[in-house]
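Spelled out, the chains give:
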Amino acid sequence: MKLFERRDYYAGALMMALGTGAAIVGSRYEIGSLTRMGPGFFPTALGILLAFIGVLIAGAAPYTRASESGTAELGAPDWRGWACIVSGALLFILLASHAGLVLATFACVFIAAMGDRGNSWKEALGLAAAITLFGVVLFSFVLRVQIPLFGSM
Amino acid sequence: MEIGFADLLHGFSVALQPQNLLYCLIGVVAGNMVGVLPGMGVLSAISILLPLTYGMPPVGAILMLAGLAYGAQYGGAICSILLNLPCHPPHAVTCLDGFPLAKQGKGGTALGITMMGAVFGAAFGILQMIFTAPFIAKIAFQFTSADICSLMLLGLLAGSTLAKGSPLKGVAMTILGLLLGLVGQDINTGVERFTFGIIDLDDGIEIVALSLGLFGIAEFLRSVNKTLPINTAYTKLGVSDLRPSGADLKKAAFPVLRGTLIGSLCSMIPGTGPTIASFVAYATEKKISKTPERFGHGAIEGVAAPEASTHSSVQGDFIPTMSLGIPGDAVMALLLGALIIHGITPGPRLIVEHPDMFWGLIASFWIGNLMLIFLNVPMIGVWVKMLMVPYRYLFPSALFFICIGVFAAKNTLFDVVTTLFFGVFGYLLVLLRFEPAPILLGFVLGPRFEENFRRALVISRGDLTTFLSHPISAFFLTLCVGLIVAQLWVRMRRKSPLAVASTASD
């Protein structure tokens, strides 16, 4: 167990970056006055506040014991699962707009299922086929979601 | 003020309409299922179903989505007791004594007691809502913009600091949510903010995309290949096992009562939802028990009290949401978002302007809880079978449902891209030990917060002291300060029940 939470430096830095960014972009809109607030007032104020909280988070890092700050130990990301889930969703987006619902569903489920080390490619194929069948009946025939079965939108 | 008995009857006439009954049934069945399936969250489930309700009448839609919220509580207990999986935070504490009971072959008894506690807790929570919500709304009628603003601030502050994890990070997440809520055209001036020239962002970020990214995809990224093998050795049970013995009933009666009261208290404090209620209830039982050493080894009180408190608190959580328009947690924020999408302005006027919605919802709570009992007791075997669906089949299917659900919200694939973005971003947040739930609170309340803030300052001609000169507003601000001071106090001496609850849930 680490003595303190080193990740809080990154966490604080991320909030500082997001807050500063929001404040800079927000200040480009009209700020106005307290009486007549422009559209820029609120985003700028929130951005500054967020950056300030970021400073506090980073500042508190040396005093935070690792176990106190929330979620249990995650370990390193699982890159295979990661790649497969992200590309499954990307494939759905690409194929739904160009090749239709059937292919999009099949590819999305198959690729995502391959991300789990417990699934063989046969199991992934079977799961993808089952979900495709179910998805087409439910979303295309029953709920009439506006993606063609085959072909581009 | 008279409690409208006629109103309640009217509510039943709404909720008993065949289509509303059907929506309620779909909601509670889906909720129960989501509760049982390890690795599926209530937030994702509501978000997936939300786009499908866009074409439905608003009352039916809300009955269904609310059914999901409380139905999941029933399923979650099954998962905790029989599998020792704290898949739903409010039921994490039930594992402590529920699973040892299951190991001793008394899993059925534990479930039976849970059901009884659930019904009692839920009934109390609903009664509480019938009597207090119209009353609170009546008071809130007189709130000025400044008062509403301070109340929202209190809600946001409580929601972000009392939940799990570091309070400071919770506040950061809330502000991030408020900022995300600003994306799109400004209502007052029409200026586009934070859209970066993307036309699809003009109407703001789609709430379904945000929530499915943060709680759906991010969760898959987090748990893929990391789930532990499920131990299904103690899942064999039939209907007759559910009947508790007289001795067990006697032991559980007072814990159920105490749990219910704790749950209803927790639902009154904004930001403390069912999770905290269940931990406090457990801690209380253990403290006042004459035989605290039995806890953790299968004490029936350790199941009865937290379960009753969860249910009374989930029902009670609807009170601030429906009477003030201030949600206590992310689930309620999502339901509030659903109301807004269906064109209903949340706030104290809701009960008067949409009696169908409010009283129909209350009536549907009774009906829905009754349905859940009939779903769970005779069909316990079905749910237990469902426990065995492995995660490796579940998440690829869920990914598809997320993609198509988000698409269906506005018929645009751009929202699916947004979802993926928030999925990856949400994973980054979790890696950095942020709890993303308050983002949703900020996101939903953001636009109304800004509107009221601006209006309050226009009325007072830019005088910031208006927030202190209005007595109601000043009162809420005092509570805010009190909350912060109390938090610091707890940090200094980590022995209070809340601190115990937050460390125990880690």
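All figures in this text were calculated on a predicted structure; none of them were measured in a lab. (Residues numbered from 1 in each chain as written. Chains lettered and ligands numbered in written order. Predicted model: local features only at pLDDT ≥ 70, side-chain atom pairs only at ≥ 80, totals over all residues.)

Here's the deal with the overall build of chain A
Move 1: Along its length, chain A carries 5 helices and 0 strands.
Move 2: The order of α-helices and β-strands along chain A, N terminus first, is α-α-α-α-α.
Move 3: Looking at chain A as a whole, 41% of its 153 residues qualify as buried.
Move 4: Sequence separation of 24 or more characterises 63% of the internal contacts of chain A that already satisfy a separation of 6 or more. (Helix = DSSP H or I, 4+ residues; strand = E, 2+ residues; numbered from the N terminus. Buried ≥ 20, exposed ≤ 12 C-beta atoms within 10 Å, placed from the backbone. Contact = placed C-beta atoms within 7 Å.)

Digging into the packing of helix α4 (residues 58–83) of chain B against helix α6 (residues 107–140) of chain B
Residue and element names in this part refer to chain B.
Move 1: Relative to each other, α4 and α6 sit at 155 degrees, their axes nearing to 10 Å. Classified by the interaxial angle, the pair formed by α4 and α6 is roughly antiparallel. In the packing of α4 onto α6, the handedness of the crossing is right-handed. Residue-level inspection shows Tyr70, Tyr74, Ala77, Ile78, Ile81 and Leu82 of α4 in contact with α6, the latter providing Gly107, Ala110, Leu111, Thr114, Ala118 and Ala122. (Axes fitted to C-alpha atoms, helices over the stretch in contact; angles between N-to-C directions. Parallel < 35°, antiparallel > 145°, perpendicular 65-115°, else oblique. Left-handed = near helix turned anticlockwise from the far one by under 90°.)

Digging into the confidence of the model for chain B
Residues and elements named next belong to chain B.
Move 1: On average, residues of chain B carry a pLDDT of 86, and 95% of them reach 70 or more.
Move 2: Put simply, helix α23 (residues 497–504) is where chain B has its lowest mean pLDDT, 45, and helix α19 (residues 414–431) is where it has its highest, 93.
Move 3: Contacts from residues 495–506, a stretch scored under 50 in pLDDT, to residues over four places away or in other chains number 21 contacts. (pLDDT = per-residue confidence, 0-100.)

Remarks on the interface of chain B and chain A
Move 1: Every contact between the two is made by 56 residues of chain B and, on the other side, 59 residues of chain A.
Move 2: Looking at the side of chain B that touches chain A, the elements with two or more residues in it are α8 (167–182), α9 (207–223), α18 (391–410), α19 and α20 (437–459) of chain B.
Move 3: By residue class, the composition of the side of chain B that touches chain A is 36 nonpolar, 7 polar and 13 charged. (Nonpolar A, V, L, I, M, F, W, Y, C, P; charged D, E, K, R; others polar.)

A short note on the environment of Ala66 of chain B
All names here are of chain B.
Move 1: Along the chain, Ala66 falls in helix α4.
Move 2: The sequence separation of Ala66 and Ala140 amounts to 74 residues, and the corresponding C-alpha distance is 23 Å.
Move 3: For Ala66, the contacting residues outside a window of four places in its chain are Gly27, Leu335 and Leu361.

Topic: unusual backbone geometry
Move 1: Phi is positive for Arg433 of chain B, which is not a glycine, with a value near 65 degrees.
Move 2: Along the chain, Arg433 of chain B falls in the loop between α19 and α20.

Things to note about the domain arrangement of chain A
Move 1: Assigned domains of chain A: these are domain 1 (7–68) and domain 2 (79–142).
Move 2: Taking the mean C-alpha position of each, domain 1 of chain A and domain 2 of chain A sit 39 Å from one another. (Domains from an automatic or database assignment.)

Focus on the environment of Met15 of chain A
Residue and element names in this part refer to chain A.
Move 1: Among the secondary structure elements, Met15 is positioned in helix α1 (residues 7–28).
Move 2: Taking the C-beta count within 10 Å as the criterion, Met15 has 28 such neighbours and is therefore assigned buried.
Move 3: Residues Met15 and Gly54, spaced 39 residues apart in sequence, show a C-alpha to C-alpha distance of 4.8 Å.

Details of the nonpolar core
Move 1: Counting residues in each nonpolar core, the largest one holds 217 residues, and the members touching the most others are Cys108 of chain A together with Leu65 of chain B.
Move 2: Element by element, the count of residues in this core is highest for α4 of chain B, at 18 residues.
Move 3: A domain-level breakdown of this core finds at least three residues from each of domain 1 (7–68) and domain 2 (79–142) of chain A.
Move 4: Cys108 of chain A has contacts with Gly88, Ala89, Leu91 and Phe92 of chain A together with Leu399, Phe400 and Cys403 of chain B, leaving out every residue within four places of it along the chain. (Core = buried A, V, L, I, M, F, W, Y, C linked by C-beta atoms within 7 Å.)

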